[in-house]
Amino acid sequence: MRFPAAHALRFFAFLCLASAIPGGAFADTIYLKNGRKITATHVVRENGQVSYETPAGKLSFPVSIVDRVVHDDSSPISVAGTPSDRAANLPIAPPNALAAPSNDAAANAAVRDGSIDIDLLSKLESEATANPTPTAVARVVAAESAAAQFEISVGDFDQAVAHYNAGLRFDPDSTGLLLEAAYLHLKRSEYSAAADLLDRARRIDPDSAEVAKLSGWAYYGLNRAADAVTQWKRAMELKPDAETQHALEKAERDAQEEAEYHEGGTTHFRLKYNGGAAPELAQEVLKTLESEFDEISATLKYVPPEPIGVILYTNQTFMDITRAPSWSGALNDGRIRVPVEGLSSMTDELARVLKHELTHSFVGQKTGGRCPVWLQEGLAQYMEGKRSRSNARYLSAAYEQHMEFSLLSYETSWLNLPRDAASNAYAWSLAVVETIMTVNGVDDLERILDRLAAGSSAEDAIRAVLHEDYSDLMLSTAQFLRKAYL
Ligand SMILES: [Zn+2]
């Protein structure tokens, strides 16, 4: 979003708009008897189980392995992630196979006392290898699924994938496992991997609404809006629900408009632009994005798994399609959407806008959509080259008058902030990220992003890496601003 240059704080800002803003939920901590700690939301205790929400859906443990649950009413976190309903973060619930707590004895035995019983898993596997009866195979599938869900709950996604693969070796036709594994890939923006698994599931169960629903998501992530529309329409025929309807409407708007668009692409980008934009400009945008991709990738030590969608609009179509407020600039809702009306070649400002939005794509994908908005916007501004020099005096004075910014209140969507509050939020976010980058270094920043990806709340991630809570971090920021600029 762009603010008028005449404002006291002069900067351009590009907010990632959310068409579905997830409500904040409260973070709880489950302490297991074996010392392991799980950050979760919506922790509920019933029928001898403690169940909770994770990035992969609802999971549960037997009460017997839980030492205690600490409810933290003071730290709302956003379950569905932050700035947008980007493709990685479509508000689509896990498949039923995953959402239902399995009562299977093998599943319960596979994860015991807060860890996976590896011996039991190998015992079940050798039994199923020696004598692959349906019962023996079903036991392996249930146990591997439980083990995978446990790994997801503690943030080890690679191990989770390994467990799903192990289960699929025994039962390649288990649509439950295929759906669960596909869902995990979707949450990690690994759309090609998800689409492959879903193709397999569709061959086995062509009339599954769940398969069609998740396939739509995979295609949407792969920037194939028309294919996403086909799948989501199919899902609506088989079993209508509100989240599919919402996703379908969004994809239909995109597909209709983009049918008329020209296309271009490079290794890392899929670009679309309408007739109003000059083809030379489109080529320059791709070239600029590629070099910015390399820079951001080197800084954040991360390569997004899929090509990133970029759409260039004339101003009016931008407003129509994105439903963005008339004063907004570019936005990133999983695709980078940039109005380029009147431009025929690359400008410094457009290059900065692209780098800002591209940073959002990197951070969103790296954290699975779990990065708080203040950190997203601070990093995007930092990466586009902004620094706090011109804001330092104003921010320091605000800090001294105890009018500083509350990081906790700015973790979720900024969409409804009044203009002045948003200006202030952008300035503080930049100052905080600049402090972390300068005082602590980029390695610490990366570790914070890794912890967010693993499901940690933002303040917990900051505390674990920087050994500071939010108020300490604000103090460090005020000290940094004074030392660096005043
Ligand atoms: Zn932004």
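Turning next to the overall build of the protein. Each helix and strand counted, the protein has 19 helices and 12 strands in total. Expressed as a percentage of the 486 residues in the protein, the buried residues total 56%. Sequence separation of 24 or more characterises 67% of the internal contacts of the protein that already satisfy a separation of 6 or more. Summing over all exposed atoms, the protein offers an accessible surface of approximately 20000 Å²; the carbon and sulfur share of this is 49%.

Pairing within the open sheet is mixed, and its 5 strands lie in the order β8-β9-β10-β12-β11. At either end of the open sheet lies a strand with only one pairing partner, and these are β8 (262-265) and β11 (331-332). Bridge count between β8 and strand β9 (residues 269-273): 4 bridges; the pairing is antiparallel. Residue pairing across strands places Gly265 opposite Arg270, the latter belonging to β9. Sitting on the sheet, helix α13 (residues 348-366) is in contact with β9, β10 (308-313), β11 and β12 (336-339), with an inclination near 165 degrees to β12.

In this model, helix α6 (residues 175-187) (13 residues) spans 18 Å end to end at C-alpha, consistent with the 18 Å of a helix rising 1.5 Å per residue. Where burial is concerned, most of α6 is hidden: 11 out of the 13 residues are buried. Along α6, the residues that are buried comprise Leu177, Leu178, Leu179, Glu180, Ala181, Ala182, Tyr183, Leu184, His185, Leu186 and Lys187. Looking at the residues trailing α6, positive phi occurs at Ser189, about 65 degrees.

Even without being glycine, His402 reaches a positive phi, approximately 55 degrees. Structurally, His402 can be placed in the loop between α15 (392-400) and α16 (419-440).

On to the environment of Val353. Along the chain, Val353 falls in helix α13. Classification of Val353 as buried rests on a relative accessible area of 6%. Put simply, Val353 and Glu384 are 31 residues apart on the chain and 7.4 Å apart in space, counted from C-alpha to C-alpha.

On to the environment of Ser388, then. With respect to the helices and strands, the residue Ser388 is situated in the loop between α14 (373-383) and α15. In the structure, Ser388 is positioned 40 residues away from Trp428 in sequence and 8.7 Å away in space, judged by C-alpha atoms. Those residues in contact with Ser388 that sit more than four places away from it in its chain are Leu430, Ala431, Glu434, Leu481 and Tyr485. Polar contacts involving the side chain of Ser388 include one to the side chain of Glu434, which spans 2.7 Å.

In this section: the packing of aromatic side chains. One pass over the full model with this rule turns up 10 aromatic pairs. Centroid distance Phe269 to Phe293: 5.8 Å. Interplanar angle 85 degrees. Geometry classified as edge-to-face. In this pair, Phe269 sits in strand β9 while Phe293 sits in helix α11 (residues 279-300), placing the two residues 24 residues apart along the sequence. Each member of the pair Phe269 and Phe293 is classed as buried. Where Phe480 meets Tyr485, the ring centres are 6.2 Å apart and the plane angle is 85 degrees; that geometry is what we call edge-to-face. Using a relative accessible area of 11% as the deciding quantity, one classes Phe480 as buried.

What follows deals with the pairing of β9. A regular strand carries its side chains on alternate faces of the sheet. In terms of burial, β9 is largely enclosed, as 4 of its 5 residues are buried. The hairpin turn running from β8 into β9, its antiparallel successor, is 3 residues long. Looking at chain direction, β9 and β10 are connected through 5 bridges and run parallel. Following the sheet pairing, Phe269 is matched in β10 by Ile308.

With that settled, consider the confidence of the model for the protein. When the pLDDT values of the protein are averaged, the result is 80; 78% of them are 70 or greater. This stretch, residues 1-26, has a pLDDT under 50; its non-local contacts, to residues over four places away or in other chains, come to 97 contacts.

Pairing is possible between side chains that carry opposite charge, provided their charged atoms lie close to one another. Evaluation of the coordinates by the stated rule reveals 22 salt bridges. When the shortest N-O distance is used, the salt bridge between Asp207 and Arg234 registers 2.6 Å. Of the two residues, Asp207 sits in the loop between α7 (191-204) and α8 (209-221) while Arg234 sits in helix α9 (residues 225-238), which places them 27 residues apart along the sequence. Classification of Asp207 as exposed rests on a relative accessible area of 52%. Judged by its relative accessible area of 30%, Arg234 falls in the partly exposed class. Among the salt bridges present, the one from Arg352 reaches Glu384, with a minimum N-O distance of 4.0 Å.

With that settled, the discussion passes to helix α3 (residues 118-130). Helix length check: α3 (13 residues) gives 18 Å between terminal C-alpha atoms against 18 Å at 1.5 Å per residue, within 8%. Within α3, the full set of buried residues consists of Leu120, Leu121, Leu124 and Ala128. Projected down its long axis, α3 carries its buried residues within an arc of 100 degrees, all on one side. Opposite its buried face, α3 presents the exposed residues Ile118, Asp119, Thr129 and Ala130, each directed more than 90 degrees away. Buried residues in α3 make contact with α2 (105-110), β7 (115-116), α4 (134-153) and α5 (157-170).

Let us look at the packing of α3 against α5. α5 packs onto α3 with a crossing angle of 20 degrees between their chain directions and a minimal axis gap of 11 Å. Regarding the angle of α3 to α5, the classification is roughly parallel. Of the two possible hands of crossing, α3 and α5 adopt the one that is left-handed. For the pair α3 and α5, the contacting residues are Leu121, Glu125, Ala128 and Thr129 in the first and His163, Ala166 and Phe170 in the second.

Now for the side chain of Glu144. With respect to the helices and strands, Glu144 occurs in helix α4. Put simply, Glu144 is tucked away with no salt bridge, and the nearest opposite charge, on Arg169, sits 6.5 Å away.

Moving on, we come to the side chain of Thr244. For Thr244, the location among the structural elements is in helix α10 (residues 242-258). Non-local contacts of Thr244, meaning those with residues more than four positions away in its chain, are made with Lys213, Trp232, Ala235 and Met236.

Each value, and the rule that gives it
- Residues numbered from 1 in each chain as written.
- Predicted model: local features only at pLDDT ≥ 70, side-chain atom pairs only at ≥ 80, totals over all residues.
- Heavy atoms only, no water.
- Helix = DSSP H or I, 4+ residues; strand = E, 2+ residues; numbered from the N terminus.
- Buried < 20%, exposed > 50% of the residue type's maximum accessible area, 1.4 Å probe, protein only.
- Contact = heavy atoms within 4.5 Å.
- Areas by Shrake-Rupley, 256 points an atom, 1.4 Å probe, with all protein chains shown as cover.
- Pairing = 2+ DSSP bridges.
- Axes fitted to C-alpha atoms, helices over the stretch in contact; angles between N-to-C directions.
- Expected span 1.5 Å × (residues − 1).
- Polar contact = N/O pair within 3.5 Å; in protein donor to acceptor, adjacent residues only side chain to side chain.
- Phe/Tyr/Trp six-rings, centres within 6.5 Å; stacked < 30°, edge-to-face > 60°.
- pLDDT = per-residue confidence, 0-100.
- Salt bridge = Lys/Arg side-chain N within 4 Å of Asp/Glu carboxyl O.
- Arc of directions from axis to C-beta.
- Parallel < 35°, antiparallel > 145°, perpendicular 65-115°, else oblique.
- Left-handed = near helix turned anticlockwise from the far one by under 90°.
- Lys, Arg positive; Asp, Glu negative; His and termini not counted.

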